[in-house]
Amino acid sequence: MSETLDRMRRLHNLRPRQSQPELTYIPIDESGDPLPPRRASPRGRLEELLPGVELENAAGKCYVTTVATPLDAARGGDPLARALDAPLAALAPFHPDFRLEHAGDFASAAFVDTETTGLGAGAGVYAFLVGVGTFEIWPPPVDAATRPRPLAPTHFVVRQFFMRHPGEEAALLAAVAEVVGRCRLMVTFNGRGFDLPLLRARYRQNRPLLPAPHRSVELFEEDRPHLDLLLPARRLWRRRLQSCRLIHLEQQILGIQRTEEDVSGALIPQLYLDYLRTQQAGAMRCVFYHNREDIISMVALGNHLVRAYQSSLEQIDELPAADLLSLATCYLRQGEAELAERAYRTAAEMAGDDRLRADVFAQWASLLKRQARWAEAADLWQRWLSSVAGGNVLPFIELAKYHEWRTGDLEQAEMWAAWGLHTVESALAHQRLPGQMADLRHRLARLQRKRSGRQQKDEGASGA
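Reference entry: report on the structure contained in this document.

**Quick word on the layout of surface pockets**
Put simply, the largest pocket is a space of about 850 Å³. Taken together, 28 residues line the largest pocket, and the ones lying closest to its centre are Arg 245, Gly 265, Ala 266, His 290 and Asp 294. Secondary-structure elements contributing two or more residues to the lining of the largest pocket are strand S6 (109–116), helix H4 (191–205), helix H6 (246–254), helix H7 (268–278) and helix H8 (282–309). Looking at which element gives the most residues to the lining of the largest pocket, the answer is S6, with four residues. A class-by-class count of the residues in the lining of the largest pocket yields 11 nonpolar, nine polar and eight charged.

Here you go:
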């Protein structure tokens, strides 16, 4: 095994472990029969370490491994079967460019992930491993008369198409096209920015070598239904997570930890080059594991995301306050102000720290202002002041403005402005926004002049 992989193994052993049970993978052939167990040795030929079959088509030969996982197997706390019931259309209003309105459900989806020789989509960058996951009846029915066909998928099947050398690329692409061509929806993680542009480029590059039906893949085109999980994941989780990389979402959202068999994606291009040079496949075993884990995790993440975005908010109490705040922003983009307000209200009750609670109050009050619900907004600003420590000056300013321009109570307006100025003056220099103190002083002086002028006018009227 390469020195690079050895270093990664040592680093991986330092990571904290979780007690999440691992899925059991049994390699099978296309007829559903189990393949002989692989050798445990870190050295050896690909066929010895990664049970699979040599696939031959009109474009040549490539290598494919197939693993079928029963749908009652758990991933991220839920069985894989639960994704089949996820209302995929719930995401459509939030991401119209995904074209999910008529995409069906996850049962008709192809979950695709690639491992490549580099970044970008240049002529020298190959997708040497393409994994495709689909929900299927497994084993495939041989004869409907003797083997009745179930009404629903029974397994999640991951096929991994591998080119043992660059001359097998056309065969790999033709094999991928054959499987993906039966699907109605693409599911990827960052596929819009990386996987699909690269695959489109490779199909164009190999067009003369590919059989006519497989010179392109319709689902890989930009205008086809494609759920890229990265964008909705960022919108929902980046407020409370440091990173929305897939490996981090596995740990923080799904609650799983990969085994020491995994390898960093940054090392994969070099590991493939090492394989081409030595034909020793120990490191490739780790790359296949990495690719397969990515694909199965996409199923669980897709299920989590769709259910979180459901507009009914049936399980709103199960979501963290930070996620609810993110969802409220998404609802507002769709003009669903009532749903946004429900999310704000629940997030304010659930928020466990002052900073998050202040963010909730600020956005919620901003919505009330846009709706001209001034009295409710004023109540919310006062609730903010009474329940959040830290001396945020925004609610003081808003209350001063409210009483100056809406109620005409200049005494109240002056009181809130003075209180806000005192709060800013008491804060440390790095906690003040530029110009904030000058603005408050200017506001307070104007209120005092207006109030003095009103008093003089009232006195003059009473003297007359």
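**Notes on empty space enclosed by the protein**
One pass over the structure, following the stated rule, counts two cavities of 30 Å³ or more. Its boundaries defined by the atoms lining it, the second largest cavity holds a volume of some 40 Å³. Those elements that place two or more of their residues in the lining of the second largest cavity are strand S5 (78–79) and H8. For the lining of the second largest cavity, the element with the most residues is H8, which contributes three residues. Residues that form the lining of the second largest cavity fall into these classes: five nonpolar, one polar and two charged.

**Re the pattern of salt bridges**
This model, assessed by the stated rule, comprises 31 salt bridges. Where Arg 45 meets Glu 47, a salt bridge forms, and the shortest distance between an N and an O atom there is 3.1 Å. Here Arg 45 falls in the partly exposed class, since its relative accessible area comes to 47%. Between Arg 164 and Glu 168 there is a salt bridge, with its nearest N and O atoms 2.7 Å apart.

**Regarding the pairing of strand S7 (residues 127–136)**
Counting buried positions along S7 yields 10 of 10 residues, so the element is predominantly enclosed. Inspection of the sheet shows S7 paired to strand S8 (residues 155–162) by eight bridges, in the antiparallel sense. The residue of S8 that forms the bridge with Val 130 is Phe 161.

**Remarks on the pairing of strand S2 (residues 53–57)**
Across five bridges, S2 lies against strand S3 (residues 60–70) in antiparallel orientation. Considered in S3, the bridge of Val 53 is made with Val 64.

**Looking at the packing of H6 against H8**
Following both chains from N to C, one finds H6 and H8 inclined at 50°, their axes separated by 11 Å at the closest point. The orientation of H6 with respect to H8, classified from their angle, is oblique. Crossing hand, H6 versus H8: left-handed. For the pair H6 and H8, the contacting residues are Leu 246, Leu 249, Glu 250, Ile 253 and Leu 254 in the first and Glu 293, Asp 294, Ser 297, Ala 300, Leu 301 and His 304 in the second. Looking at the contact of H6 with H8, its residues break down into six nonpolar, two polar and three charged.

**Things to note about the nonpolar core**
Formed by 91 residues in total, the largest nonpolar core has its most connected members in Phe 106, Phe 111, Phe 135, Phe 156, Leu 227, Trp 237 and Leu 249. Top contributing element to this core by residue count: H8, with 10 residues. Discounting chain neighbours no more than four positions away, the residues touching Phe 106 are Ala 83, Leu 84, Ala 86, Leu 88, Phe 111, Phe 135, Val 187, Leu 227, Gly 302, Asn 303 and Val 306. Membership of the second largest hydrophobic core comes to 51 residues, among which are Ala 177, Phe 194, Leu 219 and Val 263.

**Let's talk about the environment of Glu 221**
As for its placement among the helices and strands, Glu 221 is situated in the loop between H4 and strand S10 (226–228). Distance in space between the C-alpha atoms of Glu 221 and Leu 196 is 7.8 Å, their sequence separation being 25 residues. In this view, Glu 221 contacts Arg 200 and Ser 216; residues no more than four positions away in its chain are not counted.

**A word on a positive patch on the surface**
A grouping of Arg 234, Arg 238, Arg 239 and Arg 333 is seen on the molecular surface, where their side chains present a positively charged patch. By secondary structure assignment, the location of Arg 239 is in the loop between helix H5 (230–237) and H6. Classification of Arg 239 by relative accessible area gives partly exposed; the value is 37%.

**Observations concerning the packing of helix H9 (residues 321–333) against helix H11 (residues 354–370)**
Running from N to C, H9 and H11 cross one another at 20°; their axes reach a closest spacing of 10 Å. The orientation of H9 relative to H11 falls into the category roughly parallel. As H9 runs across H11, the sense of the crossing is left-handed. Contacts between H9 and H11 pair Ala 321, Ala 322, Leu 325, Thr 329 and Leu 332 from the former with Leu 356, Asp 359, Val 360, Gln 363, Leu 367 and Arg 370 from the latter. Of the residues that constitute the contact of H9 with H11, the class distribution is seven nonpolar, two polar and two charged.

**Digging into the side chain of His 248**
With respect to the helices and strands, His 248 occurs in helix H6. Classification of His 248 by relative accessible area gives buried; the value is 16%. At a separation of 2.7 Å, a polar atom in the side chain of His 248 contacts the main-chain carbonyl oxygen of Ser 243. For His 248, the contacting residues outside a window of four places in its chain are Leu 241, Gln 242 and Ser 243.

**Examining the packing of aromatic side chains**
All told, the structure shown has 17 aromatic pairs when counted by the stated rule. Here the aromatic rings of Phe 128 and Tyr 272 are separated by 3.9 Å at their centres, their planes lie at 5°, and the arrangement is stacked. Linking Phe 128 in strand S7 with Tyr 272 in helix H7, this pair joins segments that are 144 residues apart in sequence. A connected cluster of aromatic rings, assembled from ring pairs, spans Phe 128, Phe 162, Tyr 272, Tyr 275 and Phe 288. The ring of Trp 374 has Arg 406 sitting right over it, with the charged end atom 4.0 Å from the ring centre. One Lys or Arg, Lys 450, reaches over the ring of Trp 405 and ends 4.3 Å from the middle of that ring.

Reading the values: the criteria
- Residues numbered from 1 in each chain as written.
- Predicted model: local features only at pLDDT ≥ 70, side-chain atom pairs only at ≥ 80, totals over all residues.
- Heavy atoms only, no water.
- 1 Å grid on protein atoms, 1.4 Å probe; cavity = no way out; pocket = protein on both sides within 12 Å on 5 of 7 lines; lining within 4 Å.
- Points joined across faces, edges and corners; volume = space filled by probe spheres on them.
- Helix = DSSP H or I, 4+ residues; strand = E, 2+ residues; numbered from the N terminus.
- Nonpolar A, V, L, I, M, F, W, Y, C, P; charged D, E, K, R; others polar.
- Salt bridge = Lys/Arg side-chain N within 4 Å of Asp/Glu carboxyl O.
- Buried < 20%, exposed > 50% of the residue type's maximum accessible area, 1.4 Å probe, protein only.
- Pairing = 2+ DSSP bridges.
- Axes fitted to C-alpha atoms, helices over the stretch in contact; angles between N-to-C directions.
- Parallel < 35°, antiparallel > 145°, perpendicular 65-115°, else oblique.
- Left-handed = near helix turned anticlockwise from the far one by under 90°.
- Contact = heavy atoms within 4.5 Å.
- Core = buried A, V, L, I, M, F, W, Y, C linked by side-chain atoms within 4.5 Å.
- Patch = residues over 30% accessible without salt bridge, like charges linked within 9 Å, V, L, I, M, F, W, Y side chains within 5 Å.
- Areas by Shrake-Rupley, 256 points an atom, 1.4 Å probe, with all protein chains shown as cover.
- Lys, Arg positive; Asp, Glu negative; His and termini not counted.
- Charge placed at Lys NZ, Arg CZ, Asp CG, Glu CD.
- Polar contact = N/O pair within 3.5 Å; in protein donor to acceptor, adjacent residues only side chain to side chain.
- Phe/Tyr/Trp six-rings, centres within 6.5 Å; stacked < 30°, edge-to-face > 60°.
- Lys NZ or Arg CZ within 6 Å of the ring centre and 35° of its normal.

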